[in-house]
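# Per-entry structural report
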Amino acid sequence: MQIIMMGAPGAGKGTQAAKIATKYEIPQISTGDMFRSAVAEGTELGKQAKEYMSAGKLVPDEVTIGIVRERLAKSDCEKGFILDGFPRTVEQADALGKILSDLGKEISAVINIDVPLSDLIERGVGRRICKSCGATYHIKFNAPVKENVCDACGGELYQRADDTAETMTKRLSVYEASTRPLIDYYKNAGVYVEIDGRQSISAVTEALNKVLLSVEG
Ligand code: AP5
Ligand code: MG
């Protein structure tokens, strides 16, 4: 099962992709998480990516496509994978098509979590992430039992550097200009499914599970 999870910044891609990855035992491949790890490790990739990420801009296509090509060639992707936050430009989508055809695979579904732009800044600014296990929370919509402590592992929660209102606004405008056109791209390819992302986290999961049952089926 090769799934692409699409949606604007803060729409819930990561929250839902993590659940699908656990349920279907396939890797969640988040380009944002890969770049954040590289930044934390201070690698050459991290140094390159940091500048773009903190400005709310996209990392250049050739860099992003290169890391995804390498990642999809790993053996844990043989059974399938869920892409979270890739592709984000038409050039990335074209490159993904080529990578998959080289691997003898096809896209099973492109699932777009649709949330009005007016809701997204609050989602981003209120997000908190566990430093130890990466679990995602929201101070209002998915609060941990104890403030700033991860329910799952007891780790400390932190706020992403790009989750300020200012950088979120920039990320949303980049999404509109560069990523939204992929909706028509994948509609035309006949693999596009849309889910109403204004629902609760569990209602979105339920809607996703229905879509995935039909994909598996
Ligand atoms: P990335 O990390 O992918 O960020 P993003 O696309 O901006 O998306 P987010 O991770 O912010 O949101 P999400 O949809 O995962 O939402 P989440 O589930 O956390 O990318 C970061 C940067 O890396 C980019 O800006 C760019 O610089 C670079 N980059 C990454 N990929 C790239 C690419 N392909 N090309 C070039 N550059 C790239 O949820 C958000 C919050 O809302 C959480 O607090 C959550 O608890 C809450 N929430 C989730 N669902 C709901 C719900 N249904 N109701 C209420 N609250 C909810
Ligand atoms: Mg995410």
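Residues numbered from 1 in each chain as written. Chains lettered and ligands numbered in written order. Predicted model: local features only at pLDDT ≥ 70, side-chain atom pairs only at ≥ 80, totals over all residues. Heavy atoms only, no water.

Moving on, we come to the pairing of strand 3 (residues 81-84). Of the two faces of strand 3, the one holding Phe81 and Leu83 and the one holding Ile82 and Asp84 are both buried throughout. The pairing of strand 1 (residues 2-6) with strand 3 spans 4 bridges and is parallel. Among the inter-strand pairings, Gln2 is bridged to a residue of strand 3, identified as Phe81. When strand 2 (residues 28-30) meets strand 3, the two strands line up parallel, connected through 3 bridges. Paired with Gln28 across the bridge in strand 3 is Ile82. (Buried < 20%, exposed > 50% of the residue type's maximum accessible area, 1.4 Å probe, protein only. Helix = DSSP H or I, 4+ residues; strand = E, 2+ residues; numbered from the N terminus. Pairing = 2+ DSSP bridges.)

Of all residues adjacent to ligand 1, which total 35 residues, the nearest are Thr15, Lys57, Arg88, Arg127 and Arg171. Take Arg127: an N or O atom from its side chain is 2.5 Å from an oxygen atom of ligand 1. In this structure, Gln199 approaches ligand 1 through a main-chain N or O atom, which is 2.9 Å from a nitrogen atom. Coverage of ligand 1 by the protein amounts to 97% of the 1,000 Å² it exposes when considered alone. Taken together, the elements giving at least two residues each to the shell around ligand 1 come down to helix 1 (13-24), helix 2 (31-41), strand 6 (136-138) and helix 9 (201-216). Element by element, the count of residues in the shell around ligand 1 is highest for helix 2, at 4 residues. Here the shell around ligand 1 is built from residues that sort into 12 nonpolar, 14 polar and 9 charged. (Near = heavy atom within 4 Å. Polar contact = N/O pair within 3.5 Å; in protein donor to acceptor, adjacent residues only side chain to side chain. Areas by Shrake-Rupley, 256 points an atom, 1.4 Å probe, with all protein chains shown as cover. Nonpolar A, V, L, I, M, F, W, Y, C, P; charged D, E, K, R; others polar.)

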